[in-house]
Amino acid sequence: MSTQSGQPGTIFSPALAARFDKLVTLYPVKRSALVPMLLYAQDEVGYLSDPVIAEVAQRIGITELDVRNVISYYSLLRTKPAGKYNVQVCTNISCMLRGGNEILEHCKKKLGIPNKGVTPDGLFSLEEVECIGACSWAPAAQVNYDFHENLTPEKIDGVLAGYKAANRGTGK
Amino acid sequence: MATISTHPDCVPVVSYRFGKGATAIDKYLELDGYKSARKALELGPDGIIGEMKASNLRGRGGAGFPTGLKWSFVPKQAPRPKYVLVNGDESEPGTCKDRLIFEHDPHSVIEGVIIAGLAIQAKMGFIYLRGEYRYLLKIMEKAVEDAYAKGFLGKNIFGSGIDFDIVTQTGAGAYEVGEESALMESLEGKRGVPRIRPPFPAVVGLYGGPTIINNAETIATVPHIFRIGGAEYAKLGTERNGGTRLFCLSGHLQRPGVYELPMGYNLKRMIYEVGGGIRDGKKLKAVVPGGSSTPVLLPEEIDIGMDFDQVGKAGSMLGSGGVVVLDETVCIVEFALRTMKFYQHESCGWCIPCREGTDWLKKSLTRLHAGGAVDKDIDNIRYLAENMLGRTFCPLGDAAAMPTLGFVKKFRKEFEDHLEGRGCPYHKAREEETALV
């Protein structure tokens, strides 16, 4: 399998393949591109599937086992699909003091899924996460990479409704 | 968009350009941007380090090591390339300050890296952001691109004949990577497992080369030191604790927020004046003064100046500047448990005292909170924590043990109230906790 961009064999979009070609040249050693590459791949594919891992390993020049070894260390990297909108509710100390647990419980009820669950339509997934760096604006949650702060149950309802509407807007 | 909070006592140094559109390079230049790098070029390595030492700046990541001294440890002659590394892996619970810097003043970080690079004659710098701060990567990448376009980065920076490159990237979710040697492992594309020291990063760091690694706030402060002068900067703070810092006020306050205040600012005043006091007319119960890893302070212990030495004398640490305020409705056992759940989740498992210790502490605290513990368990918790201290490669083990010891010591009565099936007097235990009893 060739992994040169523009050639058959890459499972990534031409833009991402080109980005990866550049990424490995930025660092004194190629392997430094591994973590950023995995994140970008996950953003595009949705999760780190076996073909993704195989191609990343080949691009970096390490074994698939090496790649998996790194993936298992980082909490943002996943080898199973999440929902299109991954709702990550912080319940760490600053959020806990201002109702983070209640926000998490509310999301469980609202979405009808447990922690780490995915809705049957694949639209939402829910995760209880550690501190996301929004302590002074707690309680907070992240949906994919977007921050939502100073939350109340009503406010998170609005946030979820907004993503639902945005999804309908994309015509999917 | 996160914003900085203000109070009449605030002294904007690092936050001088916040909210002024300084993400645009022209605006940054208008607000004295990149003048400090030019000044540093004239001063040369020894001059830069001298100015840094005069500023009494101490590391804003948590340990409070004098920055100028840290830079001076880098050998002049080295067999491998030297590097500057910015630790923007802000993950200490209670801390949300670096985010504001990257969002509002990305060029101050770049300029700080350039100056640090000139100080140790490095040719390359890395800015490492935590994975959760993905939106900031776009801001940083744009800023770096603009700096290249102006000739402030790349070949022959500022026409000086010196080359300097910067690469920005994010991590992928790991508290431990905020530890310096784990961060270097992560940047080398590996699991963020800490390295044994010595050798210290100043001698053998990233890719085996001498490396300066500083917290994002520390680096962003550097250009301001050259803007106002090291001695002037030092005067803003207290003895051996120069300048100002961003304090992140969170928890049960009327006005939580990130405020820039002088080093040594009184903690009591910070809570009651700057933060507006406890919300809903409740009483103060406890304060975690510097992020989740710092030992708790009681209401009678908070009449202290917030600098590294004074908070240390009070039996805690200034840490990362995350001031978490707890009112009388908080169950300390539940709070200790939540803290330990975090450290258990984040322990990489490399050192046994940390891996096993955090797991056992989590289990013990869970059982205690749900009412299934006996008297002896409280001493067991203390004993476990004591035996983690100083027995791990990186400070994560200490970070888990220190607050636990503080909670047990200062709130023993509250631990005892949970014993013998009584359960939590404050809250119902969460479902998954009672399942363990």
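Please read these numbers as outputs of a predicted model, since none were measured by experiment. (Residues numbered from 1 in each chain as written. Chains lettered and ligands numbered in written order. Predicted model: local features only at pLDDT ≥ 70, side-chain atom pairs only at ≥ 80, totals over all residues. Heavy atoms only, no water.)

Considerations on the confidence of the model for chain A
We count it as follows: Residue-level confidence of the predictor is summarised by pLDDT, bounded by 0 at the bottom and 100 at the top. Pairs of residues are marked as contacts when any of their non-hydrogen atoms sit within 4.5 Å.
For chain A, the average pLDDT comes to 94, and 94% of its residues sit at 70 or higher. Low pLDDT (under 50) marks residues 1-7 of chain A, which in the prediction has 14 contacts with non-local residues, meaning those over four places away or in another chain.

Description of the domain arrangement of chain B
Residues and elements named next belong to chain B. Counted only if it meets this: These domain limits were set by an automatic method or by a database of domain assignments. We count a salt bridge whenever a side-chain nitrogen from Lys or Arg sits within 4 Å of a carboxyl oxygen from Asp or Glu. For the purposes of these results, a polar contact is taken to be a pair of N or O atoms within 3.5 Å, where, inside protein, one atom must be able to donate a hydrogen and its partner to accept one; residues adjacent in sequence count only when each atom of the pair is a side-chain atom. We call Asp, Glu, Lys and Arg charged. Ala, Val, Leu, Ile, Met, Phe, Trp, Tyr, Cys and Pro are nonpolar, and the rest, Gly among them, are polar.
Per the domain assignment, the segments of chain B are domain 1 (14-235), domain 2 (244-327) and domain 3 (332-436). A straight line from the C-alpha centre of domain 1 to that of domain 3 covers 36 Å. Opposite the 12 residues of domain 1 that make contact, domain 3 presents 10 residues. Scanning the region where domain 1 abuts domain 3 turns up 0 salt bridges. Where domain 1 meets domain 3, there are 2 residue pairs in polar contact (both at pLDDT 80 or more). For the side of domain 1 that touches domain 3, the class distribution of residues is 6 nonpolar, 1 polar and 5 charged.

Points about the pairing of strand β2 (residues 124-129) of chain B
Residues and elements named next belong to chain B. Worth spelling out the cut-off: Residue exposure (1.4 Å probe, protein chains only): buried if accessible area is under 20% of the type maximum, exposed if over 50%, otherwise partly exposed. Secondary structure elements are defined from DSSP: runs of H or I of at least 4 residues count as helices, runs of E of at least 2 residues count as strands, and each element is numbered from the N terminus. Two strands qualify as a pair provided DSSP detects at least 2 bridges between them.
Burial within β2 is extensive, with 6 of its 6 residues counted as buried. A two-sided burial pattern is seen for β2, the buried positions comprising Met-124, Phe-126 and Tyr-128 on one face and Gly-125, Ile-127 and Leu-129 on the other. As defined by bridge partners, strand β1 (residues 83-88) adjoins β2 across 6 bridges and the pair is classed as parallel. Note that in β2 the partner of Asn-87 across the bridge is Tyr-128.

Some details on the pattern of salt bridges
Pairing between side chains of opposite charge can happen when the charged atoms of each approach one another. All names here are of chain B. Throughout the structure, instances matching the rule amount to 42 salt bridges over all chains. With its nearest N and O atoms 2.8 Å apart, the salt bridge here joins Lys-97 to Asp-98. The partner of Arg-197 in a salt bridge is Glu-179, with the nearest N and O atoms 2.7 Å apart. Taken as a pair, Arg-197 in the loop between α7 (180-187) and β4 (211-215) and Glu-179 in the loop between β3 (165-170) and α7 lie far apart in primary sequence, 18 residues in all.

What to know about the environment of A:Phe12
Residue and element names in this part refer to chain A. Assignment of secondary structure puts Phe-12 in the segment before α1 (14-26). Residue class for Phe-12 comes out buried when judged on its relative accessible area of 5%. A C-alpha to C-alpha distance of 7.8 Å links Phe-12 and Glu-44, two positions 32 residues apart in sequence. Setting aside chain neighbours within four positions, we find Phe-12 in contact with Ala-17, Phe-20, Ala-41, Glu-44, Val-45, Val-52, Glu-55, Val-56 and Arg-59.

Re unusual backbone geometry
Omega for the bond connecting A:Ala138 with A:Pro139 falls within 30 degrees of zero, at -5°, which places this linkage in the cis form. If you trace the backbone, A:Pro139 turns up in the loop between β2 (124-129) and β3 (141-143). With an omega of -5°, the peptide bond between B:Arg197 and B:Pro198 qualifies as cis. Here B:Pro198 shows up in the loop between α7 and β4. One non-glycine residue, A:Asn144, lies in positive phi territory at about 50°. Phi at A:Asn150 is positive, roughly 50°, even though this residue is not glycine. For A:Asn150, a relative accessible area of 42% puts it in the partly exposed group.

What to know about the interface of chain A and chain B
A common way to state how big an interface is: give the accessible area lost once the parts meet. So the rule is basically this: Summed over both partners, buried area is the accessible surface (1.4 Å probe) that two parts give up on being assembled.
Chain A puts 45 residues into the contact, and the matching count from chain B is 64 residues. Where chain A abuts chain B, roughly 4,300 Å² becomes buried across the two surfaces, and 55% of that area is made up of carbon and sulfur atoms. At the surface where chain A touches chain B, the tally comes to 4 salt bridges. Measuring nitrogen to oxygen at the nearest pair gives 3.0 Å for the salt bridge that ties A:Glu130 to B:Arg338. Seen at the junction of chain A and chain B, the total is 27 residue pairs in polar contact (both at pLDDT 80 or more). At the level of secondary structure, the elements contributing two or more residues to the side of chain A that touches chain B comprise α1, α2 (34-45), α4 (64-71), α5 (93-97), α6 (100-111) and β2 of chain A. Ranked by the residues each element gives to the side of chain A that touches chain B, the list is headed by α2(A), at 6 residues. Residues of the side of chain A that touches chain B, tallied by class, amount to 26 nonpolar, 11 polar and 8 charged.

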